[in-house]
Structures are given as structure tokens and as C-alpha cells.
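Chain residues, written in single-letter form:
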Amino acid sequence: MSPSPAVLARIRLNPHHRAVQRDIHDADQMHKTLMRMVPDHLGDHARQQTGLLYRLDTDDDGHTLLVQAAHPLNTAGLPHGYGNADTRELAPMFQALHDGLGVRYRIVVNPIKRERLSLDRKNERGRTLPLSGPDADQWWQRRATASGLQLHTLTPHTIAPARSRTAKPGMRHSLIRYDGTATITDTHALTNAVLSGIGRGKSYGAGLLSLAPAPTP
């Protein structure tokens, strides 16, 4: 069965709006703004309950926010004049997915690994370390395979890290965007990955996987 309540809002941001100018440079503020589109009083785990994911895409014409949730989104909750929003249900996309289908994909991820500590520090927890280059590519390959995708191409784009002006000084979340083509190998796993997001940093613009049909190589 298709998860029919899932929706995607595409918001073309107004570059002259003060809240937009603030949010694109402060991931915590962006998260707070987007949470205004979901119901209030959901407690400390509202993002997880609503399945809210987002990605900031930038091109020569400006910034576009993609916001996905497992429940209806109230775009009227955004600040007045924040941007032009278009919302659609994702049910038709999920219904079209099947094993063997060729797709184009885009995703921003926060690839990390846990620091390995010496035996005398075995009771301590290692730091999380950002991955880059071939290590990040291999991280995405593994995650894609586990999510029901056989990758054919991947093109990494290093983008500005997500930062917070209210968190500890220097706190940042490294982000990499991947574009490419793939074939679906497990529709059920892929559906879950699209709805849940992939990897960490979901509150900072990572994890949202976009798909579109493409010829199979």
C-alpha cells in the first residue's frame, strides 16, 4: 500500500525576506521556521513524529526548499512573504516505484564515522568525524545499497556546512550532495528510506532523497 498522507512542499524562497536571509545561514533557525508547518504540542520529538525532512537546493536563480512530511504541511504557518510554495502528495510517486526501475536521484547527506579509540579507552565514546572524498562516496554507496538502490553513477558536490549561531562556537555539520542514476532493487526498503530519510543531520537539511524516472543503463 502507498503511504498516501506523505507530501512534498517546494518553496521558492524570497531572497529579500529577512527570515530567509537569517535561515539560510543558521540551520537551527531554518528548522524552527519549517516546524511551524506541522501541528503544535507534539513534544520533544516532533520532527520524528511528523517525518519532516528538508533540503535546500541552490541554483543561479536562487534558493528552493524541499520540505517533506508524512502528514499534511501547513504552508500558511511560514512567515508572510517567505516564498512561493507548491505542495503535492507523494502517493503517485510511491505507486510508480518497482524493482528494476531506473531512477535519477538527488540527496544531501552528512557522512560521518565514529572515532576508533585505543583499548585503554574502551569505555569511552569516540568523536564523530566527517567523511570526505572516496570515504564519503563509499559511505553513500553502502547506504544506497541498504536503501534498495543499485547505484550506476554518483557525482559529489561539496556544499556549505550547516551551521548554528546559537549552538556551541564552531559547531557545524558537513554536507555533501550526491546526484546520479540508479536501479531500484528493493522497493520496500527504498520507500522506507524516502519516508525516514538517510543518515544523520536530518534537522540540518540532510537525508531527503528525491527520485525521478530515468532510463535503465
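Whatever comes next refers back to the structure up there.
A. Spotlight on the overall build of the protein chain. Helices and strands together make up the secondary structure of the protein chain, namely 6 helices and 11 strands. Accessible area for the protein chain stands at about 12,200 Å²; split by element, carbon and sulfur atoms hold 49% of it.

B. Seen up close, the layout of surface pockets. Size it by volume and the largest pocket reaches roughly 490 Å³. Ile-24, Leu-56, Ala-160, Pro-161 and Leu-175 are the residues nearest the centre of the largest pocket, which is lined by 22 residues in total. Among the elements of the structure, helix 2 (27-34), strand 2 (53-59), strand 9 (155-163) and strand 10 (172-184) are those that each provide at least two residues to the lining of the largest pocket. Grouping the amino acids of the lining of the largest pocket by side-chain chemistry returns 12 nonpolar, 4 polar and 6 charged.

C. Highlighting the nonpolar core. Core analysis: the largest hydrophobic core is formed by 31 residues, its most contacted members being Tyr-105, Trp-140, Leu-149, Tyr-178, Leu-190, Leu-209 and Leu-211. Every element with two or more residues in this core is listed here: helix 4 (91-96), strand 5 (102-109), helix 5 (133-146), strand 8 (149-151), strand 10, helix 6 (187-196) and strand 11 (209-213). Excluding anything up to four places from it in sequence, Leu-190 contacts Leu-97, Ser-147, Leu-149, Ile-184, Leu-209 and Leu-211. Of all hydrophobic cores here, the second largest spans 24 residues; its members include Val-20, Leu-52, Leu-73 and Leu-78.

D. Helix 5, seen in detail. If you check helix 5, its first and last C-alpha atoms are 20 Å apart, about what 14 residues at 1.5 Å a residue would give, namely 20 Å. Among the residues making up helix 5, those that are buried are Ala-136, Trp-139, Trp-140 and Ala-144. One face of helix 5 carries all of its buried residues, which in axial projection span an arc of 130 degrees. When the buried face of helix 5 is taken as reference, the exposed residues oriented beyond 90 degrees from it are Pro-134, Arg-142, Thr-145 and Ala-146.

E. Inspection of the side chain of Asp-23 at higher detail. Tracing the backbone through its elements, the reader meets Asp-23 in helix 1 (residues 18-23). Here Asp-23 falls in the buried class, since its relative accessible area comes to 2%. Within the structure, Asp-23 has its side chain in polar contact with the side chain of Thr-33 (distance 2.8 Å). Residues within four places of Asp-23 in sequence aside, it is in contact with Gln-29, Met-30, Thr-33 and Tyr-82.

F. Just the pattern of salt bridges, in detail. Using the criterion set out here, one finds 6 salt bridges in the structure. Note that Arg-12 is salt-bridged to Asp-59, the shortest N-O span being 3.2 Å. Of this pair, Arg-12 sits in strand 1 (residues 7-13) while Asp-59 is found in strand 2, placing the two residues 47 residues apart along the sequence. A residue is classified by how much of its surface remains accessible, and Asp-59, at 42% relative accessible area, is partly exposed. Asp-179 serves as the salt-bridge partner of Arg-106, at 2.5 Å between the closest nitrogen and oxygen. Of the two residues, Arg-106 sits in strand 5 while Asp-179 sits in strand 10, which places them 73 residues apart along the sequence. Classification of Arg-106 as partly exposed rests on a relative accessible area of 26%. Here Asp-179 falls in the buried class, since its relative accessible area comes to 13%. When salt bridges that share partners are traced, they join Arg-55, Asp-57, Arg-106, Arg-177 and Asp-179 into one network.

G. Region of interest: the sheet that holds strand 3 (residues 62-69). Strand order across the open sheet formed by 4 strands is 2-3-1-4, with antiparallel pairing between neighbours. Edge strands, defined here as strands with exactly one partner in the open sheet, are strand 2 and strand 4 (83-89). The mean inter-strand angle of the sheet, taken between neighbouring strand axes irrespective of direction, is 20 degrees. Direction of pairing for strand 1 relative to strand 4: antiparallel, over a ladder of 7 bridges. What sits directly across from Arg-10, in strand 4, is Asp-86.

H. Inspection of the packing of aromatic side chains at higher detail. Considering all chains together, one arrives at 2 aromatic pairs under this definition. Here Tyr-105 and Trp-140 contribute two aromatic rings whose centre-to-centre distance is 5.6 Å and whose plane-to-plane angle is 55 degrees, an arrangement assigned as tilted. Linking Tyr-105 in strand 5 with Trp-140 in helix 5, this pair joins segments that are 35 residues apart in sequence. Considered together, Tyr-105 and Trp-140 belong to a single accessibility category, that of buried residues. Ring plane angle 15 degrees and centroid distance 6.1 Å describe the contact between Trp-140 and Tyr-178, whose orientation is recorded as stacked. With Trp-140 in helix 5 and Tyr-178 in strand 10, the pair connects residues that are 38 residues apart, well separated along the chain. Through a chain of ring-to-ring contacts, three or more aromatic side chains come together here, namely Tyr-105, Trp-140 and Tyr-178.

Rules behind the numbers
Note that residues are indexed from 1 along each chain, following the sequence as it is written. Totals for whole chains, interfaces and linings use all residues, but because this is a predicted model, local features are given only for residues with pLDDT of at least 70 and pairs of side-chain atoms are given and counted only at 80 or more. No hydrogens and no water enter the side-chain calculation; it runs on all heavy atoms of the structure. Numbering goes from the N terminus for both helices and strands, where a helix is a DSSP run of H or I of at least four residues and a strand is a run of E of at least two. The method behind every accessible area is Shrake-Rupley, applied with a 1.4 Å probe, and residues are considered shielded solely by the protein chains displayed. Think of a 1 Å grid over just the protein atoms. A cavity is a set of points where a 1.4 Å probe fits yet cannot get out, a pocket is an open set with protein on both sides within 12 Å along at least five of seven lines, and lining residues have an atom within 4 Å of a point. Grid points are joined across faces, edges and corners, and a volume is the space filled by probe spheres set on the points. Each residue gets one of three labels, nonpolar for Ala, Val, Leu, Ile, Met, Phe, Trp, Tyr, Cys and Pro, charged for Asp, Glu, Lys and Arg, and polar for the others, Gly among them. What we call a nonpolar core is a set of buried Ala, Val, Leu, Ile, Met, Phe, Trp, Tyr and Cys residues that are connected through their side-chain atoms within 4.5 Å. Each residue's exposure class comes from its accessible area (1.4 Å probe, protein chains only) as a fraction of the maximum for that residue type: buried when under 20%, exposed when over 50%, partly exposed otherwise. Between two residues, a contact is recorded if the distance between any of their heavy atoms is within 4.5 Å. In this analysis, the expected span of each helix is defined as 1.5 Å times one less than the number of residues it contains. Directions drawn from the helix axis to the C-beta atoms are what define this arc. Nitrogen and oxygen atoms within 3.5 Å of one another constitute a polar contact, given that in protein one can donate a hydrogen and the other can accept it, and given that sequence-neighbouring residues count only through two side-chain atoms. Throughout this description, the term salt bridge denotes a Lys or Arg side-chain nitrogen within 4 Å of a carboxyl oxygen of Asp or Glu. Paired strands, as defined in this entry, are two strands with at least two bridges between them according to DSSP. Axis definition: a line fitted to C-alpha atoms, over the contacting stretch in the case of helices. Angles run 0 to 180 degrees between N-to-C directions. Centres within 6.5 Å are what make two rings of Phe, Tyr or Trp a pair, Trp counting through its six-membered ring; a difference in plane orientation under 30 degrees is then read as stacked, over 60 as edge-to-face, and the rest as tilted.

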